[in-house]
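Chain and residue survey
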Amino acid sequence: MILSDTVQEHLRRLLRTGMDSALARLTQISGAPWQVRESSLRQGPAEALRRPQSSGPQHCGALFTLPGGVFLVAFPDASAEAVARAFFKGFSKRPDAWKGKEPDAVAEISNMVVNPVINLLGDSALMIIFLSSPEVWQGDLSMLDETAFGKLLLREDGQAVRADIQIASAELGADGVITMLLNSALGGHLSEALGD
């Protein structure tokens, strides 16, 4: 086990606080309220934490790497369109300014969603976390999940921590998922910093 029950609870609270800040910003930018619909935190062998292979709707996702971890923010294509339309409304008077720019909007919005979470984790663990620029990928959710795991540098023990946070905006008719993957080294560092 990487994280004790106590540390898992601390981490859940930190993720929720970070997401509250992120979604407040997303609400401001999109002009529509967003909320967390569901969240989960699991740990164990990385192979057991992967999303099952399935062919579902296409998603537009932004991947971020950090030493010992990966973040994925993904929106189904219809939601990516809704988010891009709302995002570009604040920058252009042309009603079709968003068309073809969904990947740009997803990358920018993902930055705004991930950074408050990363900053809070870094502050709590007394460490500076360097986050990469977003890489935009398109595919079904299992393919994006596989890509995220491909970027996670596992230790010899093959252990990982996975958090999934589902977000939604009823007003925009949009939803998305944020996935955080940590290897056992970063998980262990967080465990020490958060109380074990």
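Not measured: the values here are computed from a predicted model. (Residues numbered from 1 in each chain as written. Predicted model: local features only at pLDDT ≥ 70, side-chain atom pairs only at ≥ 80, totals over all residues. Heavy atoms only, no water.)

A few words on the overall build of the protein. A count of helices and strands for the protein gives six helices and six strands. Along the protein, helices and strands appear, N-terminal first, in the series α-β-α-β-β-α-α-β-α-β-β-α. Taking 2.2 N^0.38 as the reference for a compact globule, 196 residues should give roughly 16 Å; the C-alpha atoms of the protein span a radius of gyration of 16 Å, in line with that estimate. Reported as C-alpha extents along the three principal axes, the dimensions of the protein are approximately 55 × 35 × 25 Å. Here the analysis covers contacts within the protein between residues at least 6 apart in sequence; of these, 74% occur between residues at least 24 apart. Considering the protein, the positive charge centre built from 17 side chains and the negative charge centre built from 23 side chains are found 7 Å apart. (Helix = DSSP H or I, 4+ residues; strand = E, 2+ residues; numbered from the N terminus. Rg over C-alpha atoms; globule rule 2.2 N^0.38 Å. Contact = heavy atoms within 4.5 Å. Lys, Arg positive; Asp, Glu negative; His and termini not counted. Charge placed at Lys NZ, Arg CZ, Asp CG, Glu CD.)

So, about the pattern of salt bridges. Side-chain pairs of opposite charge can arise where the charged atoms are in close proximity. Inspection of the entire model under this criterion finds eight salt bridges. One salt bridge in this structure joins Glu47 and Arg50, with 3.2 Å as the shortest N-O distance. Its relative accessible area of 58% is what places Glu47 among the exposed residues. For Asp145, the salt bridge is made with Arg162, and the minimal N-O distance between the two is 2.7 Å. One end of the pair, Asp145, is in helix α5 (residues 141-151); the other, Arg162, is in strand β5 (residues 159-169), and 17 residues separate them in sequence. (Salt bridge = Lys/Arg side-chain N within 4 Å of Asp/Glu carboxyl O. Buried < 20%, exposed > 50% of the residue type's maximum accessible area, 1.4 Å probe, protein only.)

Another point: the packing of aromatic side chains. All told, the structure shown has one aromatic pair when counted by the stated rule. Measuring from centroid to centroid gives 6.2 Å for Trp34 and Phe75, while their planes differ by 75 degrees, and the two rings are edge-to-face. One end of the pair, Trp34, is in the loop between α1 (5-30) and β1 (35-45); the other, Phe75, is in strand β3 (residues 69-76), with 41 residues separating them in the sequence. We note that Trp34, like Phe75, is buried. (Phe/Tyr/Trp six-rings, centres within 6.5 Å; stacked < 30°, edge-to-face > 60°.)

For β3, a buried count of eight out of eight residues is recorded, marking the element as mostly surrounded by other parts of the structure. Residue alternation in β3 divides its side chains into two sets, Gly69, Phe71, Val73 and Phe75 and Val70, Leu72, Ala74 and Pro76, and both sets are buried. In this structure, strand β2 (residues 58-66) lies alongside β3, joined through eight bridges in antiparallel fashion. Across the sheet, Phe64 pairs through a bridge with Phe71, a residue of β3. Here β3 pairs with strand β6 (residues 174-183) via six bridges, running antiparallel. Following the sheet pairing, Phe71 is matched in β6 by Met180. (Pairing = 2+ DSSP bridges.)

The end-to-end C-alpha distance of α1 is 36 Å, a good match for the 38 Å that 26 residues give at a rise of 1.5 Å each. Looking at α1, one finds that the buried residues are Val7, Gln8, Leu11, Leu14, Leu15, Gly18, Met19, Ala22, Leu23, Leu26, Ile29 and Ser30. Elements in contact with the buried residues of α1: β1, α3 (77-89), α4 (102-124), β5, β6 and α6 (184-193). Gly31 occupies a position one or two residues after α1 and carries a positive phi of about 75 degrees. (Expected span 1.5 Å × (residues − 1).)

So, on to empty space enclosed by the protein. Scanning the entire structure with this criterion turns up two cavities of 30 Å³ or more. For the largest cavity, the calculated volume is near 40 Å³. Per-class residue counts for the lining of the largest cavity are eight nonpolar, no polar and no charged. Lining the second largest cavity we find Leu15, Met19, Phe71, Val117, Ala163, Ile165, Ile178, Thr179 and Met180. (1 Å grid on protein atoms, 1.4 Å probe; cavity = no way out; pocket = protein on both sides within 12 Å on 5 of 7 lines; lining within 4 Å. Points joined across faces, edges and corners; volume = space filled by probe spheres on them. Nonpolar A, V, L, I, M, F, W, Y, C, P; charged D, E, K, R; others polar.)

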